[in-house]
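For reference, the chains in residue letters:
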Amino acid sequence: MPAHGSADLLDLSALSFTDPGGTDDVTLPRVITPKNEECKIPADRVITPKNEECKIPADRVITPKNEECKIPADRPPVSPSSAANDEGAQTELPDPDLAEWMSSVPPPEFASCAADDEGAETELPDPDLAEWMSYVSAEMNWRVVIVEFIGQAMYALLGPLCWPILCILYDGGTAALGNRGFWVRKETMPFFIVQTVMWGGLFTSLVTLAVYRPPEVKLVELKLCLSALFMRSITIAVKYAYVPYDQWTRVNTEHMPVEYIRSLLLLIAWRTIPAATRDFYTRLSLRSVLGDSGMWPDFSMQFMSWPVSKQQRRKVQMRVGKTTQKMLRVPTGKILRFNHLFRETAETCNVLEFQAAKGAGDVKADPTFEKAKLGGRLSVEAVFDYIVRSVVRRDTVVFRVAEGASFIVALAICFLPCILRSAAGNAFAGDSVEARIVIIGMMPYNLLAVYSSNAFILVAARDMWRRRAMLRSCAALLSFQDAYRINCPAEVKMLPILDLMDASTLHSWMKLRMLCLDFGRFFSLRIEAFATVFTGCALAMLADLLLLLHVPSYRESVDMNFTDLAVTGTLAISVLGSIVTLVALGSEVNGSTHRHSFLLNRQRLAAIAMCRDVSRRDPADRKEISSVDLDDTHNLAEVADFIDVLCSDIAAEHEVHPVKLIGLYCGYSLLSTIYVVPSYVISQVVTFCTDSDAGTDVYCTLAGNVG
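These notes cover the structure that comes with them.

Procedures and definitions
- Positions within a chain are numbered from 1, following the residues in the order the chain's sequence is written.
- pLDDT decides what is reported in this predicted model: residues at 70 or higher carry local features, side-chain atom pairs at 80 or more are listed and counted, and totals for whole chains, interfaces and linings draw on all residues regardless.
- Here the side-chain values reflect all heavy atoms present in the structure, with hydrogen atoms and water set aside.
- Here the aromatic set is Phe, Tyr and Trp, taking the six-membered ring for Trp, and pairing holds for ring centres within 6.5 Å; pairs whose planes are under 30 degrees apart are stacked, those over 60 apart are edge-to-face, and all others are tilted.
- Numbered from the N terminus, helices here are DSSP runs of H or I no shorter than four residues, and strands are runs of E no shorter than two.
- Burial classes: relative accessible area under 20% of the type maximum marks a residue as buried, over 50% as exposed, and values in between as partly exposed (1.4 Å probe, protein chains only).
- For our purposes a nonpolar core is just a set of buried Ala, Val, Leu, Ile, Met, Phe, Trp, Tyr and Cys residues, chained together by side-chain atoms within 4.5 Å.
- Here, two residues are considered to be in contact whenever any of their heavy atoms come within 4.5 Å of each other.
- Take the residue count of a helix, subtract one, and multiply by 1.5 Å to get its expected span.
- What counts as an axis is a line fitted to C-alpha atoms, over the stretch in contact for a helix, and the angles between N-to-C directions run from 0 to 180 degrees.
- Each angle gets one of four labels, with under 35 degrees taken as roughly parallel, over 145 as roughly antiparallel, 65 to 115 as roughly perpendicular, and the rest as oblique.
- By definition, any crossing whose near helix is turned counterclockwise from its far helix by less than a right angle is left-handed, and any crossing with a clockwise turn is right-handed.
- Gly falls in the polar group here, along with every residue not listed as nonpolar (Ala, Val, Leu, Ile, Met, Phe, Trp, Tyr, Cys, Pro) or charged (Asp, Glu, Lys, Arg).

In total, this model carries 20 aromatic pairs according to the counting rule given. Between W270 and Y281 the ring centres are 5.5 Å apart and the planes differ by 70°, which places this aromatic pair in the edge-to-face class. Residue W270 is found in the loop between α12 (266-269) and α13 (275-290), and its partner Y281 is found in helix α13; the two are separated by 11 residues along the sequence. Classification of W270 as buried rests on a relative accessible area of 0%. Relative to Y281, the ring of F280 lies with its centre 5.1 Å away and its plane at 80°, an arrangement referred to as edge-to-face. The exposure class assigned to Y281 is buried, which follows from its relative accessible area of 3%.

Moving on, we get to the nonpolar core. In summary, soluble globular proteins display a tendency toward joint burial of nonpolar side chains. Among the nonpolar cores identified, the biggest contains 164 residues, and W509, L512 and L600 are the most heavily contacted of them. Counting residues per element, this core draws most heavily on helix α20 (residues 433-476), at 23 residues. Discounting residues that sit within four places of it in the chain, L600 has contacts with L478, L500, L506, W509, I643, L646, C647 and I650. Membership of the second largest hydrophobic core comes to 9 residues, among which are M304, V316, V320 and V330.

Along its 16 residues, helix α22 (residues 503-518) runs 23 Å from first to last C-alpha, staying within 8% of the 22 Å computed at 1.5 Å per residue. Within the sequence span of α22, burial applies to T505, L506, S508, W509, M510, K511, L512, R513, L515 and C516. At the C-terminal side of α22, G520 shows a positive phi close to 65°.

Where helix α5 (residues 142-158) contacts helix α9 (residues 219-241), the axes come no closer than 8 Å and their chain directions differ by 140°. Put simply, α5 runs oblique to α9. Between α5 and α9 the crossing geometry is right-handed. Facing V144, V145, E148, F149, Q152, A153, A156 and L157 of α5, the residues of α9 in contact are L229, F230, R232, S233, I234, I236, A237, Y240 and A241. For the contact of α5 with α9, the residue count by class is 13 nonpolar, 2 polar and 2 charged.

Below is the structure:
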């Protein structure tokens, strides 16, 4: 044993161990290995195995971990023999509980070494989880909304002149400006060029208007410009508000990859969804609903094969309760009129043709369909991916015409003042040079801002349509009836129904429904936010129009004529019309709750009926029942209870999280409310323009009140 010197404290730089091969004590240096470095142990050091008894010498004093070991300075070294020969000395016996604890729990400083010796792996960061956390945020950050709105509006008005202010606003440098297209950066150069050109024209126009005030320029043209600027800026601000705050801070301080920037853009990533973006947001939804990727295979769904035999038809008939022609027409996997608006599936009633069909046609039959039509078991991941691909493919065809119509409406709104000016006998862009500078300078920004606002609303309608189609696809997996498969993609109509007498299939269907509601949730939250703002803008424009009708001094100050009514009314009605479309689609999304509950309760009724039918049969009659039917009736009572709980959960979720717009439930009551406002304004305009006694009809002409 080492001799104790005159120090007050025991020097713990060395530890003593008993050499199992002899009687002498061996002093070894104590080496503390960092956690992430390799732990090297001297070859002559003996470590007691974890499950063996640890023998501690009787004379060894063990000090608790958090207490200080103090030894009197004048105390001489004590040997075992001297301690035993001293009179009145009491030998300290080893504590068996403490010995057992020490043998099972390694010291903290050697814990990493033990893990390394046993081959334990250190858990590495999950890249999928990090990616999910950088995109998903369920709450809007109002501070980010204000900062981003000020920044977007400021750059639209001042351009590069406000670079120093923007750096302070974003608490960053050129990285924050480059990520937003405000600074020269190779990856975002197209965004920078477009925004700089728009700023140059708008800035020149506003300065000229403030200095010269040309009379040919109507105030309604300035209102149109400012309204478009507000709607565009608030939409971009809402985008960043739903980015996690830590990620938004990175956007302000680091040069983000251009792929990340493009994935956040509504018009690039979510209008016509590219395949890479579709797969990316599919993975995000799977991560949100099913958890880690290792858990995805745990959720699977059992399909029932298409009824091509008498026994299969009997089995399906017991589940659906009603035979339909759709049930007896087995699809081959071939799509007719693939790129047409009204696509149909190729079908056949012949069993031999069904068995010989290989899915030849415009597209090759999907492996998911091939496995499902034979009554196979598929993972929720495969079924969800199949539905998403089908809906996105269908969406591209349905909204093909709407893209061109949106641009035509934007052109009409932007050029309407010039067209009406020309119809009144004046020059298209004004008679003076100053007026031409103002009108032509505003045109690029007005056109792009109005078109982007219309495109935002169109993307919102497409997103709502996709959700409706996905939820109808969930209903199509529960019934063969055409009423519940209408407006579904052709690929989904080819799938048979699920075997809901399997409890795991019911649970997986619930997860599938949650996935359909969660797909693109990041964009859906943004859409609900800016749709509310757009509705407010439209109502504000209509309120301004009512002020023109009822306040004479306001009419005279703006030199009101038919141009004010046409431009304000066209922009407001176009926005409100788009909102009405969103509300109608959202109403169907909310209605899917009742549709799903009805179809599930029908399956519950079938399960109870099958269970009672078998239980009431005599043993002799049960022998006539096929083994398939006997297998189906196993645990039917538990399945019926599961369906009851599932229906209650769907109803409760609908009560808490329905689809809303402008903060109100999407339904016919909201539709009626939205119809009232434009109807009232139109009636007021008609009354104003036909009241010749009051002399207000002159304001509804192109010349206005020239008297």
